[in-house]
Amino acid sequence: MTLEGVSKSYGAVTALHSVDLSMKAGEFFSILGPSGSGKTTVLRLIAGFELSDSGRVFIDQKDVTAKAPFERDVNTVFQDYALFPHMTVQQNVEYGLMVKKVGKVERAAGARAMLDVVRLGGFGDRKPGQLSGGQRQRVALARALVNKPKVLLLDEPLGALDLKLREEMQVELKAIQQRVGITFVYVTHDQGEALSMSDRVAVFNEGCIEQVGTPREIYEKPETSFVAQFVGTNNIFTADRAKALFGDALKATGSMVAIRPEQIRLSKTGMANGMSVRVIAVQYLGADTRIHVSVDKQTTVIGIGASEEYKGMLVGEDVWLTLNN
Amino acid sequence: MQVSRTSRISLRMATYGVLVAMYLPLVLVVVLSFNSSNSFSWPPRKFTTRWWSTILDVESARHALLTSIKLATLAVLIAVVLGSLLAFALQNFSFYGKNTVSFLAVLPIALPGIVTGVAMRNTFMRFGWDLGLVSVVAGHATFCIVIAYNNVAARLRRMAPNVAEASSDLGATGWQTFRYVTWPLMSGSVVAGGILAFALSFDEVVVTTFTAGSGVETLPQWILNNFSRPNVLPYVTVVATVVMAISLPLAWLAQRLSDGAESLAGR
């Protein structure tokens with residue numbers, strides 16, 4: 001799947017600026033970005049719901065730039081599922097095969113097999129209205145996968161689920177993707193989701209690609225300050241400022257420096273190469289606690305550590321800051 | 001909501017009072033259709049089925065009933081086709097003047113019938129078209145379209161916008177999407193709109209009076225014309241009862257259909 005110089009505007013608003021992107025067969029590819037970054041537009045252009053102003057879209061080496069959605073070998077899992085409310089689960093899943101005139105027996109078997117893959121065997125006679133959110137999500141997945149598309153597009157598919165279910169579905173989605181071996185293009189604004197599931201991630205901002213790489217590259221070697229900021233709560237400084245603050249403790253190159261919160265160590269007892277800072281906010285997160293400290297009037301640094309260790313830190317206290325390398 | 005005992009009782013009384021005031025007269029009409037007397041005398045001294053057994057001999061009533069059914073059927077057919085297409089267009093496309101079109105489409109229901117009637121009569125006469133069944137059908141279609149349009153538009157607005165996209169994404173052509181997804185989801189509202197429009201057309205008097213020539217007499221007009229003739233009056237009550245017996249189940253059906261038993265959200 002390849003996008004070549006694809007641009008799209010809605011009236012005066014440019015949603016995408018000449019985007020180049022290519023995905024490998026069978027890969028789990030995430031498009032990560034804040035709302036309004038153009039990530040959903042990319043998806044709609046691949047699906048064919050929108051046509052690009054310029055540039056070309058290739059699926060499996062074939063130019064599909066001007067093709068209608070029903071002529072493209074891709075399927076979509078919508079954010080709000082878009083199941084057909086008047087059909088049973090079985091009919092929903094059979095739909096793609098039915099409109100392609102696959103025989104009755106064959107399509108019923110195909111749909112049943114796919115319902116088993118998403119662990120909804122035995123739910124075929126229900127209507128979508130009788131299912132929970134997580135179940136509808138899996139029907140939507142089965143309905144798309146039964147067509148054996150070259151590429152499956154997922155538009156924030158877990159957005160409407162609660163946290164617990166979302167985490168379960170993340171594991172399950174990844175497992176299903178590996179089992180069926182189809183390219184997944186997964187749009188999300190949740191960096192945790194993107195990092196934990198993907199083979200590669202593209203970070204979008206204001207209609208442009210900021211960086212494409214493996215989750216590890218994106219997290220550990222952000223190429224732009226936007227990526228550093230958006231993927232994990234990073235403390236970002238210019239190289240000179242970082243040098244002035246942390247001195248030789250910092251091993252870094254480049255014009256901007258990002259320090260991840262888990263690299264920051266705070267301690268109540270004085271340390272040799274430590275810097276005295278003041279606690280201005282404490283956020284208890286369960287296993288971890290996030291602490292905001294002020295280095296001087298302009299600079300706030302965010303650190304994160306085990307709650308057990310940071311138990312005694314109070315707002316207004318002076319503590320010592322060092323860097324873990 | 002918590003309501004005190006006294007207000008609960010008085011609210012209940014008020015509700016029953018209003019319902020009785022509305023429906024008792026209808027019951028009286030039914031009772032009177034069995035009254036052996038020619039006048040609306042009360043209480044009826046003797047009951048008879050004479051009026052019911054001879055109603056089919058009253059040729060003018062039979063003729064009027066046929067005219068009304070023909071008229072309502074034609075007006076509803078036009079209204080359902082045009083109203084559904086309009087609702088579809090306004091829902092799916094954005095174009096210059098869209099709000100104006102939508103406003104003009106529903107305006108006839110707010111216009112007094114007498115204005116519509118006079119305006120149409122004038123226009124027909126000016127152009128030298130004969131008044132007859134066709135002109136009445138045109139007059140009725142103006143307000144029937146509004147009912148059909150409103151019903152279908154309300155349903156389309158409640159439909160999840162992306163079910164059609166999902167269908168297309170799964171490989172369905174435009175026609176298949178309409179046939180398997182859009183139509184099944186909207187058909188109830190089309191039928192419900194048609195039934196309501198039929199009921200509205202069936203008892204319309206004002207527009208009918210202005211747009212019908214001398215040759216056309218609908219059932220409501222027949223009732224109006226014969227109301228003060230003592231020897232026909234019992235037949236009027238029979239006809240009124242028949243009309244009720246037909247329209248009540250239809251109204252109930254229309255309500256069932258437009259409520260839609262299943263959720264349309266598609267979630």
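To be clear, the structure that these remarks concern was listed above.
Residues and elements named next belong to chain A. Taken in spatial order, the five strands line up as β13-β17-β14-β15-β16 in an open sheet, and their pairing is antiparallel. In this open sheet, the two strands that pair with only one neighbour each are β13 (264-267) and β16 (300-306). Going across the sheet, the axis of each strand differs from the next one's by a mean of 45°, ignoring polarity. Relative to β16, strand β15 (residues 288-294) is paired through seven bridges, and the arrangement is antiparallel. Bridge pairing in β16 links Arg290 to Ile304.

Moving on, we come to the pattern of salt bridges. All names here are of chain A. Per the counting criterion, the structure on display carries 20 salt bridges over all chains. Among the ionic pairs, Lys164 bridges to Glu168, the shortest N-O distance being 3.4 Å. Taken together, the residues Lys164 and Glu168, both in helix α5 (residues 163-180) and four residues apart, mark about one turn of the helix. Of the residues examined, Lys164 reaches a relative accessible area of 59% and is grouped as exposed. Since its relative accessible area comes to 42%, Glu168 is described here as partly exposed. Two residues, Arg260 and Glu262, come together in a salt bridge whose shortest N-O distance is 3.1 Å.

This part covers the environment of A:Ser196. Residues and elements named next belong to chain A. Assignment of secondary structure puts Ser196 in helix α6 (residues 191-197). On the basis of relative accessible area, Ser196 is assigned to the partly exposed category, the value being 48%. When the C-alpha atoms of Ser196 and Arg216 are compared, they prove to be 9.9 Å apart, with 20 residues separating the residues in sequence. Within the structure, Ser196 has its side chain in polar contact with the backbone oxygen of Glu193 (distance 3.3 Å).

Counting residues at the interface gives 29 residues for chain A and 23 residues for chain B. Between chain A and chain B the total buried area reaches about 2200 Å² when both faces are included, carbon and sulfur atoms providing 57% of it. Here B:Glu165 ties to A:Arg44 by a salt bridge, and the two come within 2.7 Å at their closest N and O atoms. For the pair chain A and chain B, the interface holds eight residue pairs in polar contact (both at pLDDT 80 or more). Those elements that place two or more of their residues in the side of chain A that touches chain B are α1 (39-47), β6 (74-77), α2 (89-99) and α4 (133-145) of chain A. It is α2(A) that contributes the most residues to the side of chain A that touches chain B, four residues altogether.

Looking now at the environment of A:Arg143. Within the element layout of this structure, A:Arg143 appears in helix α4. Using a relative accessible area of 2% as the deciding quantity, one classes A:Arg143 as buried. Sequence-distant contacts of A:Arg143, that is, excluding residues within four places in its chain, are made with A:Tyr81, A:Ala82, A:Leu83, A:Phe84, A:Asn92, A:Val93, B:Ala166 and B:Leu170. Of the polar contacts made by the side chain of A:Arg143, one reaches the backbone oxygen of A:Tyr81; its length is 3.2 Å.

What follows concerns the nonpolar core. Among the nonpolar cores identified, the biggest contains 59 residues, and A:Leu3, A:Leu21, A:Ile31, A:Phe84, A:Tyr95, A:Leu153 and A:Phe204 are the most heavily contacted of them. Element by element, the count of residues in this core is highest for helix α6 (residues 133-158) of chain B, at nine residues. Excluding its chain neighbours within four sequence positions, the residues that come into contact with A:Leu153 are A:Leu43, A:Ile46, A:Ala47, A:Val74, A:Asn75, A:Thr76, A:Val77 and A:Val185. Formed by 32 residues, the second largest nonpolar core is a distinct cluster that contains A:Met114, A:Val146, A:Leu173 and A:Tyr186.

All names here are of chain B. Burial analysis of helix α7 (residues 162-169) places six of its eight residues in the buried class, which makes it a mostly covered element. All buried positions along α7 are accounted for by Asn162, Val163, Ala166, Ser167, Ser168 and Asp169. Remark: Gly171 follows α7 within two positions and exhibits a positive phi of approximately 105°.

Another point: helix α9 (residues 239-246) of chain A. All names here are of chain A. Taken as a whole, α9 has its buried residues at Ala242, Leu245 and Phe246. What you see down the axis of α9 is that its buried residues fit within an arc of 75°, all on one side. Along α9, the residues that are exposed and aim more than 90 degrees away from the buried face are Asp240 and Ala244. Where α9 is buried, its residues meet β11 (235-238), β12 (256-259), β14 (275-284) and β17 (318-323). Gly247 sits one or two positions beyond α9 and adopts a positive phi of about 60°.

Residue and element names in this part refer to chain A. One ladder, built from four bridges, connects strand β1 (residues 2-10) with strand β4 (residues 54-59); its direction is antiparallel. The partner of Thr2 across the bridge, within β4, is Phe58. Of the strand pairs in this sheet, β4 and strand β5 (residues 62-63) are connected by two bridges, and their pairing is antiparallel. Counterpart to Phe58 in the pairing with β5 is Asp63. A loop of two residues connects β4 with β5, the two strands running antiparallel in sequence, and Asp60 in this loop sits at a positive phi of about 55°.

Conventions and cut-offs
Residues numbered from 1 in each chain as written. Chains lettered and ligands numbered in written order. Predicted model: local features only at pLDDT ≥ 70, side-chain atom pairs only at ≥ 80, totals over all residues. Heavy atoms only, no water. Pairing = 2+ DSSP bridges. Helix = DSSP H or I, 4+ residues; strand = E, 2+ residues; numbered from the N terminus. Axes fitted to C-alpha atoms, helices over the stretch in contact; angles between N-to-C directions. Salt bridge = Lys/Arg side-chain N within 4 Å of Asp/Glu carboxyl O. Buried < 20%, exposed > 50% of the residue type's maximum accessible area, 1.4 Å probe, protein only. Polar contact = N/O pair within 3.5 Å; in protein donor to acceptor, adjacent residues only side chain to side chain. Contact = heavy atoms within 4.5 Å. Buried area = accessible area lost by both parts, 1.4 Å probe. Core = buried A, V, L, I, M, F, W, Y, C linked by side-chain atoms within 4.5 Å. Arc of directions from axis to C-beta.

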